[in-house]
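Listed below are the residues making up each chain.
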Amino acid sequence: MTNVRLDGFSNNEYNPGPLWKRASWYLIGLAFFETAIPWSNTFKRVLLRTFGAEIGRGVIIKPRVRIKYPWKLTVGDHSWIGEDVWIDNLDEVYIGAHCCLSQGAYLLCGNHDYTMPTFDLITRPITMENGSWTGAKSILGPGATLGEEAVLTAGSVGLGSLECGKVHQGNPALPIRDRIIEP
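None of the values given here were measured: they were computed from a predicted structure.

1. Here we look at the overall build of the protein
Scanning the protein from N- to C-terminus turns up two helices and 20 strands. Taking 183 residues into account, the globule formula puts the C-alpha radius of gyration at 16 Å, and the protein, at 17 Å, falls close to it. Within the protein, the fraction of its 183 residues that count as buried is 43%. If you take every contact in the protein between residues at least 6 apart in sequence, the share linking residues at least 24 apart comes to 28%.

Structure (structure tokens):
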């Protein structure tokens, strides 16, 4: 017999919002965000704000973007959210100004406690500071902070605090060099 007891899992303490709001967002998200139809960025920003997101000026949101709960999302001015990005924000996600989330990037705020027999849910916020960049198919895990002007390279997994002004690579991502931005 296994020590893992998934029949004892309970998610009762986690409350992401009222059912009507989650259901409404699910339908809006399917129709206007997860589709390949290139709806205008202005329209998508308005929809996100209507559902409680704090969205800055000039934010670009490409097609096929998945956002779990907009009321747990803040995006600063002039940031870009690329195609196939998934913001799985079971907790707060803060994306600063002038940030770039490249194609297929995944921001993962939740996980399960593998030390508990009931596999309890754990959530932690994610922060991308101003000017940071998550490369294509990269993952920022629960509780991660991508420092100001830091880079998480394509396919890398960012956990914990990733240093400002550095390029981070690997799984788990480690700093490999300074990010030099030519004036």
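2. A look at the sheet that holds strand β12 (residues 126-128)
Strand order across the open sheet formed by six strands is β1-β4-β7-β12-β15-β18, with parallel pairing between neighbours. With one partner strand each, in any of the chains shown, β1 (54-55) and β18 (161-162) form the two edges of the open sheet. Sheet topology note: the strand β4 (residues 73-75)/strand β7 (residues 93-95) ladder contains three bridges and is parallel. Directly across from T74, in β7, lies its bridge partner Y94.

3. Quick word on the nonpolar core
Of all hydrophobic cores here, the largest spans 37 residues; its most connected members are L73, I95 and L140. Counting residues per element, the ones that place at least two in this core are α1 (19-32), α2 (41-50), β4, β7 and β12. Contacts of I95, omitting those with residues within four sequence positions, involve L73, T74, V75, G76, S79, I87, L101, L107 and M128.

4. Topic: the pairing of strand β20 (residues 173-178)
Examined bridge by bridge, strand β19 (residues 166-170) and β20 share five bridges and lie antiparallel to one another. Bridging across to β20, H168 finds its partner in P175. Remark: two residues form the turn of the hairpin made by β19 and β20, two consecutive strands paired antiparallel.

The rules behind the values
Each chain carries its own residue numbering, running from 1 in the direction its sequence is written. It should be noted that, the model being predicted, local features are given only for residues of pLDDT at least 70 and side-chain atom pairs only at 80 or more, the latter also being counted only at that level, while totals for whole chains, interfaces and linings use all residues. As a convention, hydrogens and water are excluded, and side-chain values are obtained from all of the structure's heavy atoms. The helix and strand labels rest on DSSP assignments: H or I over at least four residues marks a helix, E over at least two residues marks a strand, and numbering proceeds from the N terminus. It is over C-alpha atoms that the radius of gyration is taken, and the globule rule equals 2.2 Å times the number of residues to the power 0.38. Whether a residue is buried, partly exposed or exposed follows from its accessible area with a 1.4 Å probe, protein chains only, as a fraction of its type maximum: under 20%, in between, or over 50%, in that order. Whether two residues touch is decided by their heavy atoms; if any such pair falls within 4.5 Å, the residues are in contact. Should DSSP find at least two bridges between two strands, the strands are taken to pair. Here the nonpolar core consists of buried residues drawn from Ala, Val, Leu, Ile, Met, Phe, Trp, Tyr and Cys, with membership extended through side-chain atoms lying within 4.5 Å.

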